[in-house]
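Coordinate inspection notes
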Amino acid sequence: MEPLIVDGVAITHPDREVFGDGGPTKGDVATYYEAVAPHMLPELRGRPLSVVRCPRGTSGACFFQKHHASALGRHVKAVALKEKDGGDAEYLYVDDVEGVLELVQMNTLEFHPWGARVDKPDQPDRLIFDIDPSEGVDWKAIVACAREIRERLQGQGLESFVRTSGGKGLHVVVPFRRGPAWGKVKAFCEGIADAMVADSPQGYIAEASKAKREGLIFIDWLRNTRGATSVTGWSLRARPGAPVAMPLRWDEIARLKGGGAFDMAKALKRARSSETDPWEGIASLKQALP
């Protein structure tokens, strides 16, 4: 089959089913990302990036990639960053839809940016709480957790934004003026999570132990460190049904049935019909981390 040309990028094997038999194809993935790029790029561009690549689709082995390689495409850029061992390595990032599509051509399904930008990687400007429920936790409890995080952040003078994870839970995202070190951001997030656990130990846990998590919601604050990433809004997830991490208004979350409520088709419909951005104002919001 001839390559599919999407925004000038050649997508080979566009008819290959990448989400299982009868599911979306590689060509569908490319046209999806072209359609949602105006919504996705503001959160994605100019940030070091990890991607999930699935050369044989979701039925095969998938892997994370964070380091740059020239084979990824000429619009996929490189930035030299310090590694934990003190050495330098070239990390990848993108600034435009062509870079996104070149990564799709290399079988990328998911996009996970840093909470800092390539020009100042040691000065984060965004934090995230990943609400990760154990099996059997009711959606109402997940919504209540997100709302409580929002209220506690408001008590610190911070406005926040919410999205589905494309999995079981929700993400609460906070933009702020960059400047504080990663350690301060991590400590701030840990403090919020620990306070919630102290007040509701029967509902929440703030440590990553799966053995202790049964029946609880894990408030994952650990993504707020240098090099950690979180899936970006509008990204597909490499899971059955092609779910999407979807930015929402706060008044929308209670109407959903779960964190995987949006698939590719529903996300495309939302992208085409949305008159306003549910995260409108996030880029211009001027607030400082306490």
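Residues numbered from 1 in each chain as written. Predicted model: local features only at pLDDT ≥ 70, side-chain atom pairs only at ≥ 80, totals over all residues. Heavy atoms only, no water.

Under an unreviewed UniProt entry, the protein chain has the name DNA polymerase domain-containing protein and belongs to Luteibacter rhizovicinus DSM 16549.

1. Comments concerning the pattern of salt bridges
One pass over the structure, following the stated rule, counts 19 salt bridges. When the shortest N-O distance is used, the salt bridge between Arg-223 and Asp-130 registers 2.9 Å. Here Arg-223 is found in the loop between strand S12 (217–220) and strand S13 (247–248), whereas its partner Asp-130 is found in strand S8 (residues 126–133), with 93 residues between them in sequence. For Arg-223, a relative accessible area of 27% puts it in the partly exposed group. Look at Asp-130 and you get buried, because its relative accessible area is 8%. (Salt bridge = Lys/Arg side-chain N within 4 Å of Asp/Glu carboxyl O. Helix = DSSP H or I, 4+ residues; strand = E, 2+ residues; numbered from the N terminus. Buried < 20%, exposed > 50% of the residue type's maximum accessible area, 1.4 Å probe, protein only.)

2. Topic: the nonpolar core
Formed by 73 residues in total, the largest nonpolar core has its most connected members in Tyr-32, Tyr-33 and Phe-129. Broken down by element, the residue count for this core peaks at nine residues, all from helix H1 (residues 26–44). If we skip the residues at most four places from it in the chain, Tyr-33 touches Met-40, Val-97, Val-100, Val-104, Leu-109, Glu-110, Phe-111, Trp-234, Ser-235 and Leu-236. If you look at the next biggest cluster of nonpolar residues, it comprises nine residues, including Tyr-91, Tyr-93, Val-118 and Trp-182. (Core = buried A, V, L, I, M, F, W, Y, C linked by side-chain atoms within 4.5 Å. Contact = heavy atoms within 4.5 Å.)

3. Some details on the state of the cysteines
Counted under the stated rule, the structure contains one disulfide. Sulfur-sulfur distance for the disulfide between Cys-54 and Cys-62 comes to 2.1 Å. Here the disulfide of Cys-54 and Cys-62 is right-handed, its torsion about the S-S bond being about 115 degrees. On the accessibility criterion, Cys-54 (2% relative accessible area) is buried. (Disulfide = S-S within 2.5 Å.)

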